[in-house]
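# Coordinate inspection notes
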Amino acid sequence: MAKSKKEIISIQSVSKIYNLGETVVKALDNVSLSIYDNDYISIMGPSGSGKSTLLNLLSLIDRPSSGFLSFENKKIDFNDSTQNDLLRANKIGIIYQQDNLLPDFTSLENIYLAGLAAGQNKASSILKAKALLKKVGLINRLNHYPSELSGGEKQRVSIARAVINEPEIILADEPTGNLDSKSGHEIMNILDELHNRGNTIILVTHEDDIAQHAHRVIRLFDGKITEDEELKSS
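Conventions adopted
- Residues numbered from 1 in each chain as written.
- Predicted model: local features only at pLDDT ≥ 70, side-chain atom pairs only at ≥ 80, totals over all residues.
- Heavy atoms only, no water.
- Core = buried A, V, L, I, M, F, W, Y, C linked by side-chain atoms within 4.5 Å.
- Buried < 20%, exposed > 50% of the residue type's maximum accessible area, 1.4 Å probe, protein only.
- Helix = DSSP H or I, 4+ residues; strand = E, 2+ residues; numbered from the N terminus.
- Pairing = 2+ DSSP bridges.
- Axes fitted to C-alpha atoms, helices over the stretch in contact; angles between N-to-C directions.
- Contact = heavy atoms within 4.5 Å.
- Expected span 1.5 Å × (residues − 1).
- Polar contact = N/O pair within 3.5 Å; in protein donor to acceptor, adjacent residues only side chain to side chain.

## Describing the nonpolar core
General note: in soluble globular proteins, nonpolar side chains tend to be found buried as a group. Ranked by internal contacts, the top residues of the largest apolar core, which has 32 residues, are Ile111, Leu191, Leu194 and Leu203. If you list the elements that add at least two residues to this core, you get α3 (107-117), α4 (122-135), α5 (151-163), β7 (169-173), α6 (181-196) and β8 (200-204).

Have a look at this one:
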């Protein structure tokens, strides 16, 4: 990794342990990792390797059992949920495999509500939401509810929702996992464009062709990083 790149996330000696009755599961085992500005990373590995656990820690949804995370050289205090909620709302956009859209709200409402949650005023959020729907090719679906959208359309709404607050980092958990190949290709084109505009993209995937969109591949096995390979210069 080029030394001139700015480190934005540092993970130092992080482990995550789950106690399931009498069974102890070490989902992450002493993981250390640096993520740089405008990185495009795919995280790969078999089921149970720790991929989703790592993504949950990066999103500040979960906390490590040991070790620590730093964001822009500031150590994360996982006891300060208010500050971490603000950091997530303003700096981190999350795209899930299941779209997680609110079923009783339209496409437009699902997007602009994320802006309101980050402190934007309603008029500004609505304007930005409409602009984003246009960018992802869904301006004609702004008043449609999730049940009226295809899988690919719902995922495009999810992407628009994830970027309304102009986050530096976009985390995507199997963003094409439930889509046909054509819809998956469209989603990856949007992520590629976001990376080209300067976003840091970190995605979990099982699919080699999806991973090839990234510039860096991190492979996990039994909670450990077994490979961290740069595919191409970003």
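## Things to note about helix α1 (residues 51-58)
Most of α1 sits inside the fold, with 6 of its 8 residues counted as buried. Along α1, the residues that are buried comprise Lys51, Thr53, Leu54, Leu55, Leu57 and Leu58. A positive backbone phi angle near 65 degrees is found at Leu60, which sits one or two residues after α1.

## Some remarks on the pairing of strand β4 (residues 66-71)
Here strand β1 (residues 7-20) pairs with β4 via 5 bridges, running antiparallel. In the sheet register, Ser15 faces β4, and the bridge partner there is Ser66. Note: β4 against strand β5 (residues 74-75), 2 bridges, orientation antiparallel. Looking across to β5, one finds that Ser70 is bridged to Lys75. Remark: 2 residues form the turn of the hairpin made by β4 and β5, two consecutive strands paired antiparallel; Glu72 in that turn has positive phi of roughly 50 degrees.

## Some remarks on the sheet that holds β8
If you walk across this open sheet you meet the 6 strands as β6-β7-β8-β3-β9-β10, and the pairing is mixed. A strand with exactly one partner marks an edge of an open sheet, and here the two such strands are β6 (92-95) and β10 (224-230). The sheet shows a mean angle of 15 degrees between the axes of neighbouring strands, taken without regard to direction. Sheet topology places strand β3 (residues 40-44) next to strand β9 (residues 216-221); 4 bridges connect them, and they run parallel. Paired with Ile41 across the bridge in β9 is Arg216. Contacts between α5 and the sheet are confined to β6 and β7, with β6 contributing the most and set at about 165 degrees to the helix. Seen against the sheet, α6 touches β3, β6, β7 and β8 and runs at an angle of roughly 150 degrees to β8.

## A closer look at α6
Between its first and last C-alpha, α6 extends 22 Å over 16 residues, near the 22 Å set by a 1.5 Å rise per residue. Inspection of α6 places Ser183, Gly184, Ile187, Met188, Ile190, Leu191, Asp192, Leu194 and His195 among the buried residues, and these make up the whole buried set. For α6, the side-chain oxygen to backbone nitrogen distance between the N-cap and Lys182 is 3.1 Å, and the N-cap itself is Asp180. At the exit of α6 stands Gly198, carrying a positive phi of roughly 120 degrees.

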